[in-house]
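Okay, here's what each chain looks like letter by letter:
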Amino acid sequence: MSVGRDVKVPLREVVLRTSRSSGPGGQHANVTASRVEAIFDVEASSALTDEQKRRVIARAGPRVTAVAQDARSQARNRELALERLRRRLTQALARPRHRQATRPTAASVHRRLESKRRQAARKRDRRRPANDE
């Protein structure tokens, strides 16, 4: 299962558990174990480096889980659970981009100061007139 550009998690490291799904479905839901839970133990993984493990644990915890019970079939729920697990691991491994500090443009500074002047004038005009006796 491909998680990032250079990270692939083998399916043998993902534990799949099935159980009976909740919700509607009648007799079918009462006899089939169509709910699938995919569990990935981050610390026991051999596919991730120590730095990647630290990042995933900090963002998603030591065990990343995904549950699917949307479909009637166990096979479809298995696909959904693995896709959700892959998405969670991808988000946890993603490095936030470093923000490059920039200076405001001359036009934006001018607009901001002009807006402040207009607002000050508006408030000044609302004041009670001074007693010039």
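Source: prediction; values computed, not measured. (Residues numbered from 1 in each chain as written. Predicted model: local features only at pLDDT ≥ 70, side-chain atom pairs only at ≥ 80, totals over all residues. Heavy atoms only, no water.)

Novice: An account of the packing of helix α2 (residues 50–60) against helix α3 (residues 74–93) is requested, with residue identities and associated values reported.
Specialist: Relative orientation of the contacting elements α2 and α3 amounts to 110°, with a least axis distance of 8 Å. By the angle class used here, α2 and α3 are roughly perpendicular. Contact residues: α2 offers Q52, R55, V56, R59 and A60, while α3 offers L89, Q91, A92 and L93. Each residue belonging to the contact of α2 with α3 can be placed in one class, and the counts come to five nonpolar, two polar and two charged. (Axes fitted to C-alpha atoms, helices over the stretch in contact; angles between N-to-C directions. Helix = DSSP H or I, 4+ residues; strand = E, 2+ residues; numbered from the N terminus. Parallel < 35°, antiparallel > 145°, perpendicular 65-115°, else oblique. Contact = heavy atoms within 4.5 Å. Nonpolar A, V, L, I, M, F, W, Y, C, P; charged D, E, K, R; others polar.)

Novice: Could you give an account of the nonpolar core, with specific residues and numbers?
Specialist: In terms of nonpolar packing, the biggest core is built from 20 residues, with V14, F40, V56, L85 and L89 touching the most fellow members. Those elements giving two or more residues to this core turn out to be β2 (35–41), β3 (63–68) and α3. With seven residues, α3 is the largest single contributor of residues to this core. Residue contacts for L85: discarding those within four places in its chain leaves M1, V14, A38, F40, V64, T65 and A66. (Core = buried A, V, L, I, M, F, W, Y, C linked by side-chain atoms within 4.5 Å. Buried < 20%, exposed > 50% of the residue type's maximum accessible area, 1.4 Å probe, protein only.)

Novice: Please give an account of the sheet that holds β2 that cites residues and values.
Specialist: Neighbouring strands of a sheet are bound in pairs by backbone hydrogen bonds; such pairs are parallel or else antiparallel. Strand order in this open sheet of three strands is β1-β2-β3, and the pairing throughout is antiparallel. With one partner strand each, in any of the chains shown, β1 (14–19) and β3 form the two edges of the open sheet. Going across the sheet, the axis of each strand differs from the next one's by a mean of 20°, ignoring polarity. Pairing geometry for β2 and β3, over six bridges, is antiparallel. Bridge pairing links V36 to A68 in β3. Sheet strands in contact with α3 are β1, β2 and β3, and its direction is about 145° off that of β3. (Pairing = 2+ DSSP bridges.)

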